[in-house]
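Architecture at a glance
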Amino acid sequence: MSKQAIGIFDSGVGGTSIWRELNALLPHENTIYLADSKYAPYGNKSKEEIIALSKKNTELLLDKGCKLIVVACNTATTNAVQHLRENYNVPFIGIEPAIKPAALNTKTKNIGILATKGTLSSELFHKTTDLFTNDIQVIEQVGEGIVPLIENGNVDSKEMKALLQVYLKPMLDANIDYLVLGCTHYPYLIPQLLEILPSHVKIIDSGEAVAKQTKAVLRQHELLNNTTNKPKLQFYSNGNPKVMSQLLGEGFEVDYLDF
Ligand code: DGL
């Protein structure tokens, strides 16, 4: 079983930012990544729709024999991970916005979070945020329109810059010193964000923490692949595989799969 792949899914190409961290920390693990781009964005869908899509992705990964599933999507985690854990018999790793480290380290007592509507309106997000932000102002901003631009390959575009400027303004006016990226698509925007943010504002996401948690859970279940073989890295998209190939860079093949 330990040689079986880690399954990873996202509403699209964004979860590859998580896959990168996983692959860096666990370089011998086989991985199967599903980009559900045909149904992106998840962010404006109802909880029921997000659960149904997450089940579809999970079942495909289980059919392919995955030993553990990483829900590389904040929106799917905050709306569906509990349902998945209750209904399928493999470990699930979820991803939630990194509110805790931002709240613990902020000096200005103001932090910003950019995420989807689905994440910001979820019960799980509010529970976690309330736990850590007693004396802290959290400026929440829905990143409306960002995911479709990334899914269409327009990361570095005028439209993207204009959106980011509008979304960050209230945060900068409120004197934030931490910006939490609460969507796995957003780490691809770091170069653009750095152009807008003053240098004292730190950007944080949850990628590294998710990779560490995945390793710990694999170890706990005795599922770590201890071989030193070159891993099999499979990427499937039900959208345009070219967009994902471009984000991954050279050396990775992305196959179209209708699911
Ligand atoms: N990558 C997903 C997330 O982390 C994207 C959301 C979407 O599809 O709207 O929330």
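Residues numbered from 1 in each chain as written. Predicted model: local features only at pLDDT ≥ 70, side-chain atom pairs only at ≥ 80, totals over all residues. Heavy atoms only, no water.

Taken in spatial order, the 4 strands line up as S6-S5-S7-S8 in an open sheet, and their pairing is parallel. Only two strands of the sheet have a single neighbouring strand rather than two, namely strand S6 (137-142) and strand S8 (202-204). Between one strand axis and the next, the sheet turns through 20 degrees on average, direction left out of account. Of the pairings in the sheet, the one linking strand S7 (residues 178-182) to S8 comprises 3 bridges and is parallel in character. From the neighbouring strand, valine 180 faces S8, where its bridge partner is isoleucine 204. (Pairing = 2+ DSSP bridges. Helix = DSSP H or I, 4+ residues; strand = E, 2+ residues; numbered from the N terminus. Axes fitted to C-alpha atoms, helices over the stretch in contact; angles between N-to-C directions.)

With that settled, consider the environment of methionine 1. Structurally, methionine 1 can be placed in the segment before strand S1 (6-10). Judged by its relative accessible area of 60%, methionine 1 is exposed. When the C-alpha positions of methionine 1 and lysine 67 are compared, they lie 6.7 Å apart, and in sequence the two are 66 residues distant. Residues contacting methionine 1, with those up to four places away along its chain left out, are Cys66, Lys67 and Leu223. (Buried < 20%, exposed > 50% of the residue type's maximum accessible area, 1.4 Å probe, protein only. Contact = heavy atoms within 4.5 Å.)

What follows covers the packing of helix H1 (residues 16-25) against helix H11 (residues 241-248). For the pair H1 and H11, the least separation of the axes is 11 Å and the interaxial angle reads 45 degrees. It follows from the interaxial angle that H1 and H11 lie oblique. When the axes of H1 and H11 are compared, the crossing they make is right-handed. Judged by residue contacts, Thr16, Trp19 and Arg20 of H1 engage Met244, Leu247 and Leu248 from H11. Here the contact of H1 with H11 is composed, by residue class, of 4 nonpolar, 1 polar and 1 charged. (Parallel < 35°, antiparallel > 145°, perpendicular 65-115°, else oblique. Left-handed = near helix turned anticlockwise from the far one by under 90°. Nonpolar A, V, L, I, M, F, W, Y, C, P; charged D, E, K, R; others polar.)

On inspection of all chains with the given rule, the structure shows 5 aromatic pairs. Judged by centre distance (6.1 Å) and plane angle (40 degrees), the rings of tyrosine 33 and phenylalanine 235 are tilted. Of the two residues, tyrosine 33 is situated in strand S2 (residues 31-35) and phenylalanine 235 in strand S9 (residues 233-237); the sequence distance between them amounts to 202 residues. Residue classification places tyrosine 33 among the buried positions, given a relative accessible area of 0%. (Phe/Tyr/Trp six-rings, centres within 6.5 Å; stacked < 30°, edge-to-face > 60°.)

This next bit is on the packing of helix H2 (residues 47-63) against helix H3 (residues 74-87). It is the contact of H2 with H3, at a shortest axis distance of 9 Å, that shows an interaxial angle of 70 degrees. By the angle between their axes, H2 is roughly perpendicular relative to H3. Regarding H2 and H3, the two cross each other, and that crossing is right-handed. Every residue of H3 that contacts H2 at Lys47, Ile50, Ile51, Ser54, Lys55 and Thr58 is listed here: Thr75, Ala76, Asn79, Ala80, His83 and Leu84.

To continue, consider the site of the ligand. Surrounding the ligand, one finds 13 residues, the nearest of these being Ser11, Tyr42, Gly43, Thr75 and Thr184. A distance of 2.7 Å separates a nitrogen atom of the ligand from a polar atom in the side chain of threonine 184. Surface burial for the ligand is 99%, taken as the share of its 290 Å² of free accessible area covered by protein chains. Looking at the shell around the ligand residue by residue, the class counts come to 5 nonpolar, 7 polar and 1 charged. (Near = heavy atom within 4 Å. Polar contact = N/O pair within 3.5 Å; in protein donor to acceptor, adjacent residues only side chain to side chain. Areas by Shrake-Rupley, 256 points an atom, 1.4 Å probe, with all protein chains shown as cover.)

Turning next to the pairing of S7. With respect to burial, S7 is a largely interior element, 5 of its 5 residues being buried. Both faces of S7 are covered, namely the face carrying Tyr178, Val180 and Gly182 and the face carrying Leu179 and Leu181. Where strand S5 (residues 110-115) lies against S7, 5 bridges are found, and the strand directions are parallel. In the sheet register, leucine 114 faces S7, and the bridge partner there is leucine 181. Handedness of the crossover joining S7 and S8 through helix H9 (residues 190-196): right-handed. (Right-handed = clockwise from strand over helix to strand, strands pointing away.)

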